[in-house]
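Observations on the three-dimensional arrangement
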Amino acid sequence: NAQGIVAWKPSVNLWMNTYGPLTPKTMDLFNKARPCIPTVQFYIAPGKNAIYFGNSQPQQGIAAANYVAPIIKARKWDLKQTWIVSTGQKSAFGTDPGSPEERITFFTTQLQKLLPGLPKNQVTLLDCADTPACRTAMADWLTAHPQAKFVTGATVYDIRSLGAHA
């Protein structure tokens, strides 16, 4: 797609990339085009010379934790029996700064700040590629962790969360 945009030579590029590791490569194409193609990027943290609109991945994780913590408190979950089980395809989105992995990391650290009794060792990321894979991964995880009475988590892609929820 980026190569097609460069060939077309638009006066401005509105770009939504959901795969963080591609950001440097695509931005390099836009920056090296002659003339340089100004880029407005949505969703993933921007590359060099891009303008960015949207929450950062860390901000999304923090907002999610800020939403979840009061619910856990109101429901009086026993924090010692609470696990953070998140879903996403880390093997695809990587761990570069600005990658969706930061959403899960910041969700976890913010939730642990807000609920200091959450055990630090009761955190899992299920690496799953699609809705059925996440459903299977979560079912397998629940079977292997019968002691987990309460489960919360973050997700990178909504469609995966549907599988984990199911």
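Residues numbered from 1 in each chain as written. Predicted model: local features only at pLDDT ≥ 70, side-chain atom pairs only at ≥ 80, totals over all residues. Heavy atoms only, no water.

Attention shifts here to the sheet that holds strand 5 (residues 123-127). Strands sit in the order 5-4-6 across an open sheet of three strands; the sheet is parallel. Of all strands in the sheet, those bounded by a partner on one side alone are strand 5 and strand 6 (150-152). Averaged over all adjacent pairs, the angle separating strand axes in this sheet is 30°, with direction ignored. (Pairing = 2+ DSSP bridges. Helix = DSSP H or I, 4+ residues; strand = E, 2+ residues; numbered from the N terminus. Axes fitted to C-alpha atoms, helices over the stretch in contact; angles between N-to-C directions.)

Let's shift gears to the pattern of salt bridges. Applying the stated rule across the entire model yields one salt bridge. In this structure, the salt-bridge partner of Lys-32 is Asp-28, at a minimum N-O distance of 3.2 Å. Highlighted residues: Lys-32 and Asp-28, both in helix 2 (residues 23-32), separated by four residues, approximately one helical turn. Judged by its relative accessible area of 35%, Asp-28 falls in the partly exposed class. (Salt bridge = Lys/Arg side-chain N within 4 Å of Asp/Glu carboxyl O. Buried < 20%, exposed > 50% of the residue type's maximum accessible area, 1.4 Å probe, protein only.)

Turning our attention to unusual backbone geometry. Here the residue pair Arg-34 and Pro-35 is connected by a cis peptide bond, since its omega of 0° sits within 30 degrees of zero. For Pro-35, the location among the structural elements is in the loop between helix 2 and strand 2 (39-43). Unusually for a residue other than glycine, Lys-9 sits at a positive phi of about 60°. Residue position: Lys-9 is located in the loop between helix 1 (2-8) and strand 1 (13-17).

Our next topic: helix 3 (residues 57-74). Spanning 18 residues, helix 3 covers 27 Å between terminal C-alpha atoms, matching the ideal 26 Å at 1.5 Å per step. Lys-76 occupies a position one or two residues after helix 3 and carries a positive phi of about 60°. (Expected span 1.5 Å × (residues − 1).)

Moving on: the nonpolar core. For soluble globular proteins, the rule of thumb is that nonpolar side chains tend to be buried together. Core analysis: the largest hydrophobic core is formed by 15 residues, its most contacted members being Ile-72, Phe-107, Leu-111 and Leu-115. Contributing elements (two or more residues each) for this core: helix 3 and helix 5 (101-114). The element contributing the most residues to this core is helix 3, with four residues. Apart from the residues lying within four places of it in its own chain, the contact partners of Leu-115 are Ala-69, Ile-72, Lys-73 and Leu-79. Membership of the second largest hydrophobic core comes to nine residues, among which are Trp-83, Leu-126, Met-138 and Trp-141. (Core = buried A, V, L, I, M, F, W, Y, C linked by side-chain atoms within 4.5 Å. Contact = heavy atoms within 4.5 Å.)

This paragraph deals with helix 2. Among all positions of helix 2, only Thr-23, Thr-26, Met-27, Phe-30 and Asn-31 are buried. Taken down its axis, helix 2 places every buried residue within 135° of arc, on the same side. In helix 2, the exposed residues that point more than 90 degrees away from the buried face are Pro-24, Lys-25 and Lys-32. (Arc of directions from axis to C-beta.)

With that out of the way, let us pick up the confidence of the model for the chain. When pLDDT is averaged along the chain, the result is 88, and 94% of the positions lie at 70 or above. Of all secondary-structure elements in the chain, the lowest mean pLDDT belongs to strand 3 (residues 50-53), at 72, while strand 6 reaches the highest, 96. (pLDDT = per-residue confidence, 0-100.)

One pass over the structure, following the stated rule, counts one disulfide. Disulfide partner of Cys-128: Cys-134, at an S-S distance of 2.0 Å. The sign of the S-S torsion, about 85°, decides the handedness of the disulfide formed by Cys-128 and Cys-134: right-handed. (Disulfide = S-S within 2.5 Å.)

Quick look at the environment of Thr-23 now. Tracing the backbone shows Thr-23 in helix 2. On the basis of relative accessibility, which here comes to 5%, the residue Thr-23 falls in the buried class. The sequence separation of Thr-23 and Gln-41 amounts to 18 residues, and the corresponding C-alpha distance is 9.7 Å.

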